[in-house]
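Notes for the structure review
For reference, the chains in residue letters:
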Amino acid sequence: MADLNKDGKLDIISGESWYEAPKWTKHPLRQIDYSHGYIDNFSDLALDVDGDGWTDIVQCSYFGHNIVWLKNPGRTSGPWKVTEIDNSGPCEFAFLVDLNNDGNALEVLPEFDRPNVPLAWFELQNGKWVKHIVAQRSYGHGIGVGDVNGDGRNDILTPKGWLEAPADVRAPGDWVFHPTDWDQHPIPAAGPGAAEPAPSGAAPKRGASFGYMYLIDINGVDMNGDGQLDLVTGKRYFAHNGADPGEREPIGLYWYEYRKVAPTAPTAHGLGNGGVEWIRHIVNYGGRMGGGLQIVVTDMDGDEDLDIVSGGKAGLFLAENLTRSPKRVLSKPAQSH
């Protein structure tokens, strides 16, 4: 989401097009290859790359093995110029983070799909992209950023452990890797809205197990204003073209409320709850809106509550939060394709 035309309204960016608020008028960005059942674009990141005051876009591809940025033509309404940033390997997604610890999330952190691709982040310096390699390998599906050890510097989190940021984050050399077991802890569905039809295939009890969904993007946001970060995620439509267990079951979009409860101890049948219960709330189930490679949670219409935008093979959708606008439609397509 970004105000691409400087009219004060948030527009939606999705792959080959951007959609102008408030009527979601479709405008072209660039042509992207269709490969193996996917439009080969796995992230859309909005930032002003060249410092001209117009919001540009960074995109990454899986099959094309590259990361590019698209220059906003501004008021000329000309084509968006595409410039390559990197071509290391398949990129399943990327997002904007603060890794130089200046308080601004303007660095690009990609999740490379192959373990033989070095893990790196990209910093914008004077209009140029600088690549910082922090490990000689990547660690699988999932990546994140946060200050794990409380030293005031953001570290990089992977499914297998975390990479400790050194005092000089730009210094050459690998960051210290700390292995963990945090990919072994499922988050079970609980509370109202938890029940839904069981999938036709068995789901492994590991990773992020929200019922059974194929997850790629999980947002941490405070959906209900209680000061605790909640989770927003969903099941994708045909994530792997019919190859996943339960892939032909209904899709859905949910948010999981973080609630502190009395802790329970581990048993032979499962882990304890750690003093936290995750309560599932259904945003949309059984329709065409589900999770996607990039779920965005923000206030799209300026009414001071959080809306959700998610796109995938079933279409691009906006779920409008009715907390402050009860008269409006709950879920509507920005565009379907």
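The residue numbering used here restarts from 1 in each chain and proceeds along that chain's sequence as written. A pLDDT threshold of at least 70 governs which residues receive local features in this predicted model, and a stricter bar of 80 or more applies before side-chain atom pairs are shown or counted, although totals over entire chains, interfaces and linings include all residues. The basis for the side-chain values is all heavy atoms of the structure; hydrogens and waters are excluded.

Regarding the overall build of the chain
Summing up its helical and strand segments, the chain has zero helices and 25 strands in all. Considering the chain as a whole, with its 337 residues, one finds that 45% of them fall into the buried category. Whether two residues are in contact is decided by their heavy atoms: any pair within 4.5 Å suffices. Counting only contacts in the chain whose residues sit at least 6 apart along the sequence, the fraction spanning at least 24 positions is 41%. Every accessible area reported is derived by Shrake-Rupley at a probe size of 1.4 Å, with residue values counting cover from the shown protein chains alone. Summed over its atoms, the accessible surface of the chain is roughly 16,300 Å², and 52% of this surface lies on carbon and sulfur atoms. Numbering of helices and strands starts at the N terminus; helices are DSSP runs of H or I of at least 4 residues and strands are runs of E of at least 2. Partly exposed residues are those whose accessible area sits between 20% and 50% of the maximum for their type, while under 20% is buried and over 50% is exposed, using a 1.4 Å probe and protein chains only.

Digging into the side chain of Asn-41
For Asn-41, the position within the fold is in the loop between strand 5 (38-39) and strand 6 (43-47). The class for Asn-41 is buried, based on a relative accessible area of 10%. Two N or O atoms form a polar contact when they lie within 3.5 Å of each other; inside protein one atom must be a possible hydrogen donor and the other a possible acceptor, and for residues adjacent in sequence the pair counts only when both atoms belong to side chains. Of the polar contacts made by the side chain of Asn-41, one reaches the side chain of Asp-44; its length is 3.0 Å. Among residues more than four places away in sequence, those in contact with Asn-41 are Gly-15, Arg-30, Ile-32, Gln-59, Cys-60 and Leu-293.

Things to note about the confidence of the model for the chain
Per-residue confidence from the predictor is reported as pLDDT, a score between 0 and 100. Confidence in the prediction of the chain, expressed as mean pLDDT, is 86, and 85% of residues score 70 or more. Below a pLDDT of 50 lies the segment residues 189-216, which in the model reaches 74 contacts outside its immediate sequence neighbourhood of four places, other chains included.

Structural notes on unusual backbone geometry
Geometrically, the link from Ala-21 to Pro-22 is a cis peptide bond, its omega value of 5° lying close to zero. If you trace the backbone, Pro-22 turns up in the loop between strand 2 (17-20) and strand 3 (25-28). If you check the backbone angles, His-65 has positive phi at about 60° while not being a glycine. Within the secondary structure, His-65 is located in the loop between strand 7 (56-60) and strand 8 (67-71). Look at His-65 and you get partly exposed, because its relative accessible area is 35%. With a phi angle near 55°, Asn-126 is a residue other than glycine that sits in the positive phi range. Tracing the chain through its elements places Asn-126 in the loop between strand 12 (119-125) and strand 13 (128-135). Here Asn-126 falls in the exposed class, since its relative accessible area comes to 80%.

Section: the sheet that holds strand 7
Taking strand neighbours across the sheet as the criterion, the four strands line up as 6-7-8-9 in an open arrangement whose pairing is antiparallel. Bordering the open sheet on either side are strand 6 and strand 9 (81-86), each of which pairs with just one other strand. Sheet twist, expressed as the average angle between the axes of neighbouring strands with direction ignored, equals 25°. Here the rule is simple: two strands pair whenever DSSP picks up at least two bridges between them. In terms of strand pairing, strand 7 meets strand 8 through four bridges, oriented antiparallel. Considered in strand 8, the bridge of Ile-57 is made with Leu-70. Only C-alpha atoms enter the line fits that serve as axes; for helices the fit covers just the stretch in contact. Angles between N-to-C directions range over 0 to 180 degrees.

Describing the packing of aromatic side chains
Two rings belonging to Phe, Tyr or Trp (six-membered ring only in the last case) form a pair when the distance between their centres is within 6.5 Å. Interplanar angles under 30 degrees mark stacking, angles over 60 mark edge-to-face geometry, and anything in between is tilted. Overall, the coordinates contain nine aromatic pairs when judged by the stated rule. One aromatic cluster is present, formed by Tyr-38, Phe-42, Tyr-62 and Phe-63 through successive ring pairs. Here, a charge over a ring means that NZ of Lys or CZ of Arg falls within 6 Å of the ring centre while also lying within 35 degrees of the ring normal. Sitting above the plane of the Tyr-254 ring, Arg-280 keeps its charged end 4.9 Å from the centroid. The cationic tip of Lys-313 hangs over the ring face of Tyr-38; the distance from NZ or CZ to the ring centre is 3.9 Å.

Things to note about the pairing of strand 7
The buried count for strand 7 comes to five of five residues, which makes it a mostly enclosed element. Of the two faces of strand 7, the one carrying Asp-56, Val-58 and Cys-60 and the one carrying Ile-57 and Gln-59 are both buried. Direction of pairing for strand 6 relative to strand 7: antiparallel, over a ladder of five bridges. Bridging across to strand 7, Ala-46 finds its partner in Ile-57. Counted along the chain from strand 7 to the antiparallel partner strand 8, the turn is six residues long, and its residue His-65 has a positive phi close to 60°.

Here we look at the nonpolar core
Ranked by internal contacts, the top residues of the largest apolar core, which has 19 residues, are Val-58, Ile-67, Ile-85, Val-108 and Trp-129. For this core, the secondary structure elements donating two or more residues are strand 6, strand 7, strand 8, strand 10 (91-97) and strand 11 (107-112). If we ignore the near neighbours within four places in the chain, the residues touching Val-108 are Leu-45, Val-58, Ala-94, Phe-95, Leu-96, Trp-121, Phe-122 and Trp-129. By nonpolar core is meant a set of buried Ala, Val, Leu, Ile, Met, Phe, Trp, Tyr and Cys residues that side-chain atoms within 4.5 Å join together. Leu-99, Leu-119, Val-134 and Ala-165 belong to the second-largest nonpolar core, a separate cluster that totals 15 residues.

A look at the pairing of strand 15 (residues 155-158)
In this structure, strand 14 (residues 144-146) lies alongside strand 15, joined through three bridges in antiparallel fashion. Paired with Gly-146 across the strands is Asp-155, a residue of strand 15. When strand 15 meets strand 16 (residues 161-164), the two strands line up antiparallel, connected through three bridges. Across the sheet, residue Leu-157 finds its bridge partner in strand 16, namely Trp-162.

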